[in-house]
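Architecture and fold: a report
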Amino acid sequence: MAESPARTAFAEEALTHLDTLYRGALRLTRDPDQAQDLVQEAYLRALRYQHSYQQGTNMKAWLFAIMRNLFWDRFKGSRKEDVSLDDVGEFVLYEKLRDEGARPEADVLDKLAASEVVKAVETLPPLHREVVLLVDVEGFSYKDAATALGVPIGTVMSRLHRARQQLQKSLYDYAVESGIVRGNGRPQVQQ
Amino acid sequence: MNCKDCSEKLDRFVDRELNSTEVLELQLHLESCPDCQDHYEFEAHMKRLVKHSCDCDTPPAFREKLRQLLS
Ligand SMILES: [Zn+2]
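Residues numbered from 1 in each chain as written. Chains lettered and ligands numbered in written order. Predicted model: local features only at pLDDT ≥ 70, side-chain atom pairs only at ≥ 80, totals over all residues. Heavy atoms only, no water.

What follows is about the interface of chain A and chain B. The interface of chain A with chain B comprises 45 residues on the first partner and 31 residues on the second. Between chain A and chain B, a total of about 3,600 Å² is buried, with carbon and sulfur atoms accounting for 61% of that surface. Per-residue buried area on chain A facing chain B is highest for Y94, L109 and Y142 of chain A; these three make up 17% of the total on that side. Counting every contact that joins chain A to chain B gives 7 salt bridges. Of the charged contacts, one joins R164 of chain A and D11 of chain B as a salt bridge, the two residues approaching to 3.0 Å between their closest N and O atoms. Viewed at the interface, chain B and chain A are joined by 18 residue pairs in polar contact (both at pLDDT 80 or more). Those elements that provide at least two residues to the side of chain A that touches chain B are α1 (5-15), α2 (18-29), α3 (32-48), α5 (93-99), α6 (104-108), α7 (114-122), α8 (126-137) and α10 (153-177) of chain A. The biggest single contributor to the side of chain A that touches chain B is α10 of chain A, with 7 residues. (Contact = heavy atoms within 4.5 Å. Buried area = accessible area lost by both parts, 1.4 Å probe. Salt bridge = Lys/Arg side-chain N within 4 Å of Asp/Glu carboxyl O. Polar contact = N/O pair within 3.5 Å; in protein donor to acceptor, adjacent residues only side chain to side chain. Helix = DSSP H or I, 4+ residues; strand = E, 2+ residues; numbered from the N terminus.)

Now for unusual backbone geometry. Residue R30 of chain A is not a glycine yet carries a positive backbone phi of 60°. Within the fold, R30 of chain A resides in the loop between α2 and α3. Of note in the backbone geometry, R16 of chain B takes a positive phi value of approximately 55° without being a glycine. Turning to its location among the elements, R16 of chain B is positioned in the loop between α1 (3-14) and α2 (20-32). Owing to a relative accessible area of 76%, R16 of chain B belongs among the exposed residues under this scheme. (Buried < 20%, exposed > 50% of the residue type's maximum accessible area, 1.4 Å probe, protein only.)

All names here are of chain A. Assigned domains within chain A: domain 1 (5-80) and domain 2 (93-177). Between the C-alpha centres of domain 1 and domain 2 there is a distance of 24 Å. Carbon and sulfur atoms make up 61% of the surface buried where domain 1 meets domain 2, a total of about 1,400 Å² over both sides. On the domain 1 side of the interface with domain 2, the three residues burying the most area are R27, R30 and F64, jointly 36% of the side's total. Linking domain 1 to domain 2 there are 3 salt bridges. (Domains from an automatic or database assignment.)

Mean pLDDT over chain A works out to 88, with 87% of the residues at or above the 70 mark. When mean pLDDT is taken per element in chain A, α2 of chain A scores highest with 97 and α6 of chain A scores lowest with 80. (pLDDT = per-residue confidence, 0-100.)

Turning to the packing of α1 of chain B against α2 of chain B, a few remarks are in order. Residues and elements named next belong to chain B. One way to put it is that α1 packs onto α2 with a least axis distance of 10 Å and a crossing angle of 125°. The pairing of α1 with α2 is recorded here as oblique in orientation. Between α1 and α2 the crossing geometry is left-handed. Taken together, the residues of α2 that come into contact with α1 (itself represented by C3, C6, K9, R12 and F13) are E22, V23, E25, L26, Q27, H29 and L30. (Axes fitted to C-alpha atoms, helices over the stretch in contact; angles between N-to-C directions. Parallel < 35°, antiparallel > 145°, perpendicular 65-115°, else oblique. Left-handed = near helix turned anticlockwise from the far one by under 90°.)

Once that is clear, we can look at the coordination of the zinc ion. Any two of four tetrahedral donors ideally make an angle of 109.5 degrees at the metal, while pairs among six octahedral donors ideally make 90 or 180 degrees. Residue and element names in this part refer to chain B. Protein-derived coordination of the zinc ion comes from C3 (SG), H29 (NE2), C33 (SG) and C36 (SG), at a distance range of 2.1 to 2.4 Å. All donor residues of the zinc ion come from one chain, and their arrangement in sequence is C-x25-H-x3-C-x2-C. Judged by relative accessible area, H29 falls into the buried class, the value being 9%. For C36, a relative accessible area of 8% translates into the label buried. (Donors = N, O, S within 2.8 Å, 3.2 Å for Na, K, Ca; no water.)

Once that is clear, we can look at the pattern of salt bridges. Within the structure shown, the criterion is met by 19 salt bridges over all chains. A salt bridge links K119 of chain A to E116 of chain A; the nearest nitrogen and oxygen atoms lie 3.5 Å apart. On the criterion of helical spacing, the pair formed by K119 of chain A and E116 of chain A is a turn pair, its members being 3 residues apart in helix α7. A residue is classified by how much of its surface remains accessible, and E116 of chain A, at 14% relative accessible area, is buried. Here D136 of chain A makes a salt bridge to K47 of chain B, at a shortest N to O gap of 3.1 Å. One end of the pair, D136 of chain A, is in helix α8; the other, K47 of chain B, is in helix α3 (residues 34-54), on a second chain. By relative accessible area, K47 of chain B is classed as buried at 19%. The structure contains a network of salt bridges with shared partners spanning D136 and R164 of chain A together with D11, D15 and K47 of chain B.

Here's what the structure looks like:
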């Protein structure tokens, strides 16, 4: 296939955002093979719709939007998990641990394994997971996250807030189960 | 600023989404309130933990395959 220089330059630039797309796809699909399929399809589509990308706007957000829209198209067809979160109520891990006598950072955060954190992220409903991926993992501003997700900034903020509470709740439950803290929040070590 | 205002703005502070006036107000509160300061450090630590834990690079073989496909 003979390719124009413009197409090649566009593909080159798009590929500089590959890690962001791959990480996002991996956490959304939770499967490396599916993630690769999704990313490949997203890149092919991006090239096909190259003309709809506006120079000077955020290409990373544009590419992420294509990838997550493809994910949602597939996801809706095979939906086996909740799209949104049940309201867990206000759950602030810091306050819970402090009120129960633990040192929140030293006793708990420092003892959580990366794999447990990934598990907690991956069990968030996708609608909330994608906000955490964009803002916390990829460092998107609320504005860029809103662009990538096609929602108002206020929606990004409220989803992020609830996602963090759910994440903290999952990590707390894990910390209790694994004995990092007791059920009442106290650390295992005697004071 | 009181502790409630501070806690309501903590997400945006951690995410660097406050304007410079709000940042100054919040920092002033943190300097005088060890509990909010600890809470802030906890949330910032939490954000770093999520980023660090979810970090991974694209498998090199896949990167190469994609590069070939797109060029
Ligand atoms: Zn305070």
